[in-house]
Amino acid sequence: MIFLLVNCRLLKILLQRKILLTLMYHGVLPNNKKLDPITQKRHILQSEFDKQCRFLREFFHLVSKGEAVDYYLHRQCVSRPSVLITFDDGYRGVADGALPVINKYRIPAIVFISAGYVGNHQLFWFDRLALAVAYSDKTGVVFDGRRFPLETLEQKQEVVREVEWSVKNNPFSSRERIVDLFCLDMDSDVPDDLVRRIMPLDEDQLQKLCKCPFVTIGSHGVWHTHLSSAGLDLENEISDSRWMLSRFTGRSVEFFSYPNSDYTWKIRQKVESHGYKLAFSVNPIFDKSGKHPYEIGRLGINANYSFPIFVFKIIEQFINPTLWSILIYFSGMRWIDEASTAN
Ligand SMILES: [Zn+2]
């Protein structure tokens, strides 16, 4: 059914809602070689990203940063169903894997970067955790006084979630210390090649992105810290990241993305007062419409989505809800709905 829709003009007629949908990606893997199941969901294969972008270019208006500002900040309407593409974190895969596709289809994109990681040749703290667990031969681990088995993928995913949850509210230095000790304890043998593939951007790669006329650089804080528990670091995360990225790029940084979509009312105000024009989250907390200029909702694209599920998740945003329910009911697409919500 999806392919029938995609391959005919009918889809263009069905896409009735003239709204702007913002998508959130993370990494893009240039050589199309998958990662381990724990880290894979954040890194889409380049071939898949190419297919998704071709679809978006065919059926949607892909907005520039100026149009995004007009829509979210100045409340201007879009004349067609529209999509804005964003990337969070600042993986090297955005320069190596996404950039060729962005250039090929001339797609405007905002890349949110955790500035402290640029060129420091260190994995993001959550990736260090995930890889330490994924590549450990241990059958169990004790963390925070609790023992966790590590024999199945689900058990490994659970321990990653638990440790992330437990350390995310710690100040930067103690978070790093706990993650270091945990990784040491896991005694993992992580392939160097894999570490290189999911590294944050270095300076050269960031320059490569800056030279692309379709790419805009935004801030994702300095150390990918949960802002609501950043304490004295909060000011640095918001203002220093802006300053650091402006220095790297030679341009003013106007957009912010809350790490882990974590913010409070006060943080939202602070981001605004520091001169950012727009700030992006995933699930808006205070203005659930997702259209507030300082808590813009985004649709996260899980790298494990098959192409039909990706198409399904996009078009359901643009089709009249009543018509969509009828289509789902009569077309047998309910299994896709269930599969997509399970991810
Ligand atoms: Zn992030």
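Quick notes on the rules
- Residues numbered from 1 in each chain as written.
- Predicted model: local features only at pLDDT ≥ 70, side-chain atom pairs only at ≥ 80, totals over all residues.
- Helix = DSSP H or I, 4+ residues; strand = E, 2+ residues; numbered from the N terminus.
- Rg over C-alpha atoms; globule rule 2.2 N^0.38 Å.
- Buried ≥ 20, exposed ≤ 12 C-beta atoms within 10 Å, placed from the backbone.
- Domains from an automatic or database assignment.
- Contact = placed C-beta atoms within 7 Å.
- Nonpolar A, V, L, I, M, F, W, Y, C, P; charged D, E, K, R; others polar.
- Axes fitted to C-alpha atoms, helices over the stretch in contact; angles between N-to-C directions.
- Parallel < 35°, antiparallel > 145°, perpendicular 65-115°, else oblique.
- Left-handed = near helix turned anticlockwise from the far one by under 90°.
- Pairing = 2+ DSSP bridges.
- Core = buried A, V, L, I, M, F, W, Y, C linked by C-beta atoms within 7 Å.
- pLDDT = per-residue confidence, 0-100.

### Focus: the overall build of the protein
The number of helices and strands found in the protein is 16 helices and 14 strands. A globule of 343 residues ought to have a C-alpha radius of gyration of about 20 Å, and the protein, at 20 Å, matches this closely. The principal-axis extent of the C-alpha atoms belonging to the protein is close to 55 × 45 × 35 Å. Residue burial in the protein is summarised as follows: out of 343 residues, 41% are buried.

### Description of the domain arrangement of the protein
What the domain assignment reports for the protein is domain 1 (17-120 + 200-303) and domain 2 (125-195). Distance from the C-alpha centre of domain 1 to the C-alpha centre of domain 2: 26 Å. Across the contact, 12 residues belong to domain 1 and 15 residues belong to domain 2. Its residues assigned to classes, the side of domain 1 that touches domain 2 comprises 4 nonpolar, 6 polar and 2 charged.

### Description of the packing of helix 4 (residues 46-59) against helix 6 (residues 92-105)
Two numbers describe a pair of packed helices, the interaxial angle and the distance between the axes. As a packed pair, helix 4 and helix 6 sit with axes 10 Å apart at the nearest point and diverge in direction by 25 degrees. One way to sum up the angle between helix 4 and helix 6 is to call them roughly parallel. In the crossing of helix 4 with helix 6, the sense of the turn from one axis to the other is right-handed. Contacts between helix 4 and helix 6 involve Q46, F49, D50, C53, R54 and R57 on the former and, on the latter, G97, A98, V101 and Y105. Of the residues belonging to the contact of helix 4 with helix 6, the class tally is 5 nonpolar, 2 polar and 3 charged.

### With respect to the pairing of strand 7 (residues 140-143)
Pairing of strand 7 with strand 8 (residues 146-149) involves 4 bridges; the strand directions are antiparallel. Residue pairing across strands places G140 opposite P149, the latter belonging to strand 8. Between strand 7 and strand 8, which pair antiparallel in sequence order, lie 2 residues; one of them, D144, sits at a positive phi of approximately 55 degrees.

### Some words on unusual backbone geometry
Even without being glycine, D144 reaches a positive phi, approximately 55 degrees. Phi angles above zero are rare outside glycine, and S261 is one such case at about 55 degrees. Within the element layout of this structure, S261 appears in the loop between strand 10 (255-257) and helix 13 (265-273).

### A few points about the packing of helix 7 (residues 125-134) against helix 8 (residues 153-167)
Across the interface, helix 7 lies against helix 8 with an axial gap of 10 Å and an inter-helix angle of 150 degrees. Classified by the angle between their axes, helix 7 and helix 8 sit roughly antiparallel to one another. Here helix 7 runs over helix 8; the crossing is right-handed. For the pair helix 7 and helix 8, contact is made by F126, L129, A130, V133 and A134 and by K156, V159, V160, V163 and E164, respectively. Split into classes, the residues belonging to the contact of helix 7 with helix 8 amount to 8 nonpolar, no polar and 2 charged.

### Considering the nonpolar core
Ranked by internal contacts, the top residues of the largest apolar core, which has 89 residues, are V94, V111, L129 and A279. Among the domains, domain 1 (17-120 + 200-303) and domain 2 (125-195) are the pair contributing at least three residues each to this core. Residues contacting A279, with those up to four places away along its chain left out, are F256, Y258, R268, V271, Y294, E295 and I296.

### Brief notes about the confidence of the model for the protein
In this model, the protein carries an average pLDDT of 89, and 94% of its residues clear a pLDDT of 70 or more. Scored below 50 in pLDDT, residues 338-343 shows 7 contacts in the model against residues more than four places distant or in partner chains.

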